[in-house]
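# Results of the structural survey
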Amino acid sequence: MRLPDLFVNRFREIYPDLTIDDCFACMQANSSLFFRLNTLMPEWQQVLSQLSEMGIDAQAHPLYPLMLHTSSVHRQSLVNSDLVLDGRIYIQNPSSLLPVLCLEPCAGEEILDLCAAPGGKTTFIAERMQNQGRIAAVEAVKSRFFKMKKILAQWNASCVHTYLADGRTIGRKVPQRFDRTLLDAPCSSETKLITDQPESWRYWSEKKIKASASKQKPLLRSAFEATKIGGRLVYCTCTTAPEENEGVVNWLLQQYAGSVEVLPLPKLVSDWRPGLADWRGENFHPSLESSRRVLPRHGYACFYLCLLQRTA
Ligand SMILES: C[S@@+](CC[C@H](N)C(=O)[O-])C[C@H]1O[C@@H](n2cnc3c(N)ncnc32)[C@H](O)[C@@H]1O
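Residues numbered from 1 in each chain as written. Predicted model: local features only at pLDDT ≥ 70, side-chain atom pairs only at ≥ 80, totals over all residues. Heavy atoms only, no water.

### Let's talk about the sheet that holds strand β3 (residues 64-70)
- Taken together, 4 strands build an open sheet; the order of strands is β2-β3-β1-β4 and the sheet is antiparallel. Pairing within the sheet leaves two strands with one partner each, and these edge strands are β2 (59-61) and β4 (89-91). On average, adjacent strands in this sheet sit at an angle of 40° to one another, irrespective of strand direction.
- The pairing of strand β1 (residues 33-37) with β4 spans 3 bridges and is antiparallel. By the bridge assignment for β4, L37 is matched with I89.
- Taken strand by strand, helix α3 (residues 46-53) contacts β1, β3 and β4, and its axis lies near 145° from that of β1. (Pairing = 2+ DSSP bridges. Helix = DSSP H or I, 4+ residues; strand = E, 2+ residues; numbered from the N terminus. Axes fitted to C-alpha atoms, helices over the stretch in contact; angles between N-to-C directions. Contact = heavy atoms within 4.5 Å.)

In structure tokens:
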């Protein structure tokens with residue numbers, strides 16, 4: 001199984017105790033297929049009989065019973081099926097459910113989803129709120145914004161209001177407005193690296209990691225400023241790079257010392273790891289050990305999550 005040497009070496013540096021072949025099994029093209037059922041649709045249970053008519057045997061995922069998993073041999077038939085096109089299922093990795101489960105959005109609240117397209121997490125937030133309340137879904141890239149609008153309409157996610165805007169401006173425009181905020185930040189997306197597929201590595205580099213960290217900081221500042229005092233904020237990425245994870249949140253903790261705290265996360269994944277205490281000579285705030293790193297194994301894509309509370 002081949003991946004860029006630089007990536008493998010960085011991975012070893014982050015997780016010196018791990019046998020990495022065990023992790024990279026989940027970075028193969030043919031790993032399992034996961035999808036979530038859309039309970040905002042009337043008669044959503046009928047999906048189960050349609051799946052069995054298609055000869056697809058799918059089981060509930062232990063993280064969330066309305067996420068199912070099946071063999072990757074069904075990928076093409078599912079991707080091209082009415083189930084996806086009509087918004088009755090959404091294909092996504094279980095790691096993508098974690099930020100929303102940690103955010104714990106409640107019916108009636110006002111939620112900000114700052115980097116929202118194509119809407120995989122927004123639809124899940126709407127579902128958790130049973131479409132009651134208001135979600136502001138912000139996206140800066142036009143093509144992705146319109147794709148998201150289509151998906152939200154297909155999903156009956158009627159409590160979502162969409163904004164084609166630069167997320168960096170939202171904290172200034174509507175300070176202290178939201179009960180909860182999700183920042184699923186644009187990142188170097190190491191989760192998209194696929195073993196033995198060099199085309200999947202083409203845009204990955206340490207330069208990309210540094211550039212991503214520079215973009216994430218003003219987005220996190222904006223997310224923080226848009227959140228109410230007492231409100232909660234989840235910062236997450238689908239990358240292992242500490243520069244984009246602990247490094248970015250550590251920056252926020254320094255900028256807003258006394259106004260923000262890291263909260264512990266509910267135990268959702270058995271073998272996720274605590275946030276790093278340091279990286280390449282930089283010591284992080286000790287509370288960042290309460291953030292969590294999801295390893296790319298047991299069906300989960302690599303992910304980083306940090307739950308923050310605005311205290312002043
Ligand atoms: C990791 S993806 C979000 C995935 C999405 N949350 C989901 O679950 O479907 C990050 C998104 O942020 C968008 N983005 C990048 N820079 C942005 C900015 N300054 N303001 C708002 N969105 C931005 C990207 O175009 C991309 O769609």
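### Describing the environment of W272
- Within the secondary structure, W272 is located in the loop between β10 (260-263) and β11 (273-274).
- Owing to a relative accessible area of 9%, W272 belongs among the buried residues under this scheme.
- For the pair W272 and R293, spaced 21 residues apart in sequence, the C-alpha separation works out to 5.6 Å.
- Here W272 is in contact with L265, P266, K267, R292, R293, V294 and L305, once residues within four sequence places are set aside.
- At 3.5 Å, the side chain of W272 forms a polar contact with the backbone oxygen of V269. (Buried < 20%, exposed > 50% of the residue type's maximum accessible area, 1.4 Å probe, protein only. Polar contact = N/O pair within 3.5 Å; in protein donor to acceptor, adjacent residues only side chain to side chain.)

### Some details on the pairing of strand β9 (residues 227-237)
- Bridge analysis of strand β8 (residues 178-184) against β9 gives 6 bridges, and the strand direction is parallel. Looking at β9, one finds that L183 is bridged to Y235.
- Chirality of the crossover, the property in question, places the unit of β8, helix α10 (residues 206-226) and β9 among those that are right-handed.
- Looking at chain direction, β9 and strand β15 (residues 303-310) are connected through 6 bridges and run antiparallel. Note that in β15 the partner of T237 across the bridge is Y304. (Right-handed = clockwise from strand over helix to strand, strands pointing away.)

### Things to note about the packing of aromatic side chains
- The full count for this structure, using the stated rule, is 7 aromatic pairs.
- Relative to F11, the ring of F7 has its centre 5.9 Å away and its plane inclined at 45°; by these criteria the two rings are tilted. Highlighted residues: F7 and F11, both in helix α1 (residues 5-14), separated by 4 residues, approximately one helical turn.
- Residue F7 is classed as buried on the basis of its relative accessible area, which comes to 1%.
- On the basis of relative accessibility, which here comes to 1%, the residue F11 falls in the buried class.
- Seen in terms of ring centroids, Y90 and W155 are 6.1 Å apart; in terms of plane orientation they differ by 75°. Their pairing is edge-to-face. Here Y90, found in strand β4, pairs with W155, found in the loop between α8 (142-154) and β7 (160-164); they are 65 residues apart in sequence, far enough to count as distant.
- Since its relative accessible area comes to 14%, Y90 is described here as buried.
- One aromatic cluster is present, built from ring pairs that chain together F7, F11, Y15 and W204.
- A cation over a ring is seen here: R177 above F178, with NZ or CZ 5.9 Å from the ring centre. (Phe/Tyr/Trp six-rings, centres within 6.5 Å; stacked < 30°, edge-to-face > 60°. Lys NZ or Arg CZ within 6 Å of the ring centre and 35° of its normal.)

### Here's the deal with unusual backbone geometry
- Look at the link from A117 to P118: it is a cis peptide, with omega at 5°.
- With respect to the secondary-structure elements, P118 resides in the loop between β5 (110-113) and α7 (120-128).
- Its identity is not glycine, yet E104 carries a phi of approximately 50°, on the positive side.
- Position of E104 relative to the elements: it lies in the loop between α6 (98-103) and β5.
- Residue classification places E104 among the partly exposed positions, given a relative accessible area of 43%.
- Non-glycine residue Q176 carries a positive phi angle of around 55°.
- By the element assignment, Q176 lies in the loop between α9 (170-173) and β8.
- The class for Q176 is partly exposed, based on a relative accessible area of 39%.

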